[in-house]
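# Observations on the model geometry
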Amino acid sequence: MNTIFRKSMLSVAGLAFAGGVFAGPIAAHANPAADAKPVAAVQTAVSKPQGDQSHISLNGEQTVNAKAIIAATKKAGLPERAAVISIATSLQESKLENLGHLGDMNDHDSLGLFQQRPFSGWGTPEQITNPEYSTTAFLKGLRQVDGWQDMPLTQAAQTVQVSAYPDAYAQWEQQATDLVGQHWNS
């Protein structure tokens, strides 16, 4: 009886394998639904965001700025991870708002999406408040960080930004990842 049972199980397993071999390639070439939008899979060196996560609802201007950061990242030829780091940095620095001079409310002369300072060599006020320029400047700094692709987001961002609050960037990783996943292919 054991022999018959074992042969039956091997036959079922063989059919399952054969079905997978023949159906797998067919399924791989099936057309997705016409209304389905592709979603980018964001590769991260860290399996999950570090620490407690923050989230804000974005208005139209903030969404446009997130898309501008993604576009500049793609134009620079960098991967999605660079866009995640950039958006998380901007969420921390300005909540994705392109901030002009705010008087005493500014940190010194910090401006734009990344709160970059003309005095520190990031560019002119006009350049820094241009989302493409400021993102490109941030990405230029990120490229100079050895191993940025494999380090925690907050460490990569802090190395570029040199913030008084080096661990604050981590709280935005999930929202930044979601935004890049939503808009990378749009």
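Residues numbered from 1 in each chain as written. Predicted model: local features only at pLDDT ≥ 70, side-chain atom pairs only at ≥ 80, totals over all residues. Heavy atoms only, no water.

## Re the environment of W148
Looking at the element boundaries, W148 is found in the loop between helix 5 (131-143) and helix 6 (153-161). Taking the relative accessible area as the measure of exposure, W148 reaches 5% and is therefore buried. Sequence separation between W148 and A82 is 66 residues, and the spatial gap between their C-alpha atoms is 8.7 Å. Other than its neighbours up to four places away in sequence, W148 contacts L78, P79, R81, A82, I85, L142, R143 and A156. (Helix = DSSP H or I, 4+ residues; strand = E, 2+ residues; numbered from the N terminus. Buried < 20%, exposed > 50% of the residue type's maximum accessible area, 1.4 Å probe, protein only. Contact = heavy atoms within 4.5 Å.)

## Topic: helix 7 (residues 173-183)
A large share of helix 7 lies buried, amounting to eight of its eleven residues. Structurally, helix 7 contributes buried residues whose contacts are with helix 2 (60-75), helix 3 (80-94) and helix 6.

## Details of the nonpolar core
By size, the foremost hydrophobic cluster in this structure holds 34 residues, and its most contacted members are I85, I87, L96, F138, L142, W148 and V180. For this core, the elements supplying multiple residues, two or more each, are helix 2, helix 3, helix 5, helix 6 and helix 7. Every residue in contact with F138, bar those within four places of it in the chain, is listed here: I85, S86, T89, F114, Q116, W122, A157, V160 and Q161. (Core = buried A, V, L, I, M, F, W, Y, C linked by side-chain atoms within 4.5 Å.)

## Looking at the layout of surface pockets
Taken as a whole, the second largest pocket holds about 160 Å³ of empty space. Lining the second largest pocket are W122, Y133, A137, K140, G141, Q144, V145, T159 and V160. Considering each element in turn, the lining of the second largest pocket owes the most residues, four residues, to helix 5. Here the residues of the lining of the second largest pocket sort into five nonpolar, three polar and one charged. (1 Å grid on protein atoms, 1.4 Å probe; cavity = no way out; pocket = protein on both sides within 12 Å on 5 of 7 lines; lining within 4 Å. Points joined across faces, edges and corners; volume = space filled by probe spheres on them. Nonpolar A, V, L, I, M, F, W, Y, C, P; charged D, E, K, R; others polar.)

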